[in-house]
Amino acid sequence: MVNYYNRDLYKTLNVNIDATAEEIKSAYRKLVRKYHPDVSKNVDNELKFKEIQEAYEILSDYESRKKYDVLKGFYSEKIKKKYEQKVNEAKEKTDTYIKKEQKNETFSSSLNQAIDKLFYGKKLDNNPVRHSVNGEDINIDLKISCFESLNGTNRKVNILHTEPCPKCGGRKFINDTQCPMCNGTGMLSLQKKINVKIPKGVKTGSKVRVRKEGNKGINGGKDGDLYLNITVEKHPYFEFDGLNILCVLPITPFEAVLGTEVSVPVPDGSVSVKIPPMTSSGQKLKIAAQGIENKTKSKRGDLIITVQIKLPDKLSQSEIDLYNNLKNLSAYDIRKDFYNAK
Ligand SMILES: [Zn+2]
């Protein structure tokens, strides 16, 4: 199912969130005349037309528009608007208003019915969300390092989700008075920190599902799930090629000459790698069976190191003096092959 929760369907139809059912219909007709594939030959408009149709499908249906509004928080905005309007009307027509009250029609329930009638074209009782509504799924993007993707990881993620208001229990009213905590929406948007386990081997484009951590269902509706859209960040020195780990290892010019021993991280810890004396930049070293293990563990890739001679950001004057000494000492023609090559 398409996740409508992330879209502004009202914007798609070019109407305000408090548009009446009649206004929505006429806005839709207007857009259809403009974007219908039979009328418009523009290919981009095909997608637009599809979006318009989907938006109209949701917003023209009483149940689905209300569900969408509740989840988007538009419902509370509407109640607020209508409430202000009602108070103003009441001020002007105090007499009529008092008569209504005497007819045992409480302010809040008549308010609620008025909203339902105005915005959704349907009259309701004063507890309009008795039907169950499933919570929407939540999608968030999560970046992980290549080593986290290799070994799996535990992450804390912040999500904004909706859940039934704890004060009124999602019923919107307490003793016929609009619940002050949720402003009569029955729902609250809350920040929540949750621990998620990212399994081994996820890749860019993988989706990790965390059950029941989406928006909470209403009146016994199912809770939505949380989906983490994974991006594995590019590492400056490591890359994976099948089961092999490719590593660019920076060494200093004197390490290149004298040789050294370097600790290199591998999936299950680190491995000590000997760089032999007189190693040039670009030279490759293969450390067998220190790569990635395959699932059945019967096979393990290699660690393939490419040496990169790197200069420090800064050299002291005495270091530069030593390099000058080296320069004067050396008689070797390093570009002999370069000029002789044919
Ligand atoms: Zn409440």
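Residues numbered from 1 in each chain as written. Predicted model: local features only at pLDDT ≥ 70, side-chain atom pairs only at ≥ 80, totals over all residues.

## So, the nonpolar core
Across soluble globular proteins, nonpolar side chains show a tendency to be buried alongside one another.
And step 1. Formed by 22 residues in total, the largest nonpolar core has its most connected members in Leu13, Tyr28 and Ile52.
And step 2. Listed by contribution, the elements that provide at least two residues to this core are helix H1 (9-12), helix H2 (21-35), helix H3 (44-59), helix H4 (62-72) and helix H5 (74-92).
And step 3. The element contributing the most residues to this core is H2, with 5 residues.
And step 4. Setting aside residues no more than four positions away along its own chain, Leu13 makes contact with Ile24, Ala27, Tyr28, Leu31, Ile52, Ala55, Tyr56 and Leu59.
And step 5. Residues Ile245, Val266, Leu303 and Ile305 belong to the second largest nonpolar core, which totals 7 residues. (Core = buried A, V, L, I, M, F, W, Y, C linked by C-beta atoms within 7 Å. Buried ≥ 20, exposed ≤ 12 C-beta atoms within 10 Å, placed from the backbone. Helix = DSSP H or I, 4+ residues; strand = E, 2+ residues; numbered from the N terminus. Contact = placed C-beta atoms within 7 Å.)

## Some details on the sheet that holds strand S7 (residues 226-232)
And step 1. Spatially, 3 strands are ordered S1-S7-S6 in an open sheet, and the strand pairing comes out mixed. With partners counted over all chains shown, the strands left at the sheet margins are strand S1 (138-144) and strand S6 (207-210), one partner each. Adjacent strand axes in the sheet meet at a mean angle of 30°, parallel and antiparallel pairs treated alike. (Pairing = 2+ DSSP bridges. Axes fitted to C-alpha atoms, helices over the stretch in contact; angles between N-to-C directions.)

## Comments concerning the packing of H2 against H3
And step 1. It is the contact of H2 with H3, at a shortest axis distance of 10 Å, that shows an interaxial angle of 165°. Here H2 is positioned roughly antiparallel relative to H3, judged by the angle of their axes. For the crossing formed where H2 meets H3, the hand is left-handed. Residues Ile24, Tyr28, Leu31 and Tyr35 of H2 form the contact with H3, whose participating residues are Asn45, Lys48, Phe49, Ile52, Tyr56 and Leu59.
And step 2. Looking at the contact of H2 with H3 residue by residue, the class counts come to 8 nonpolar, 1 polar and 1 charged. (Parallel < 35°, antiparallel > 145°, perpendicular 65-115°, else oblique. Left-handed = near helix turned anticlockwise from the far one by under 90°. Nonpolar A, V, L, I, M, F, W, Y, C, P; charged D, E, K, R; others polar.)

## Re H4
And step 1. Extensive coverage of H4 is indicated by the burial of 8 of its 11 residues.
And step 2. Taken together, the buried positions of H4 are occupied by Arg65, Lys66, Lys67, Tyr68, Asp69, Val70, Leu71 and Lys72.
And step 3. Positive backbone phi, approximately 85°, marks Gly73, located one or two places after H4.

## Points about the environment of Pro267
And step 1. Within the secondary structure, Pro267 is located in the loop between strand S10 (260-266) and strand S11 (269-275).
And step 2. Note: C-alpha distance between Pro267 and Glu293 (26 residues apart in sequence) is 8.6 Å.

## Some remarks on the sheet that holds strand S13 (residues 303-309)
And step 1. Read across the open sheet, the 4 strands follow the order S8-S9-S13-S12; overall the sheet is mixed. Of all strands in the sheet, those bounded by a partner on one side alone are strand S8 (238-241) and strand S12 (284-287). Across this sheet, the average inter-strand angle for adjacent strands is 25°, counted without regard to direction.

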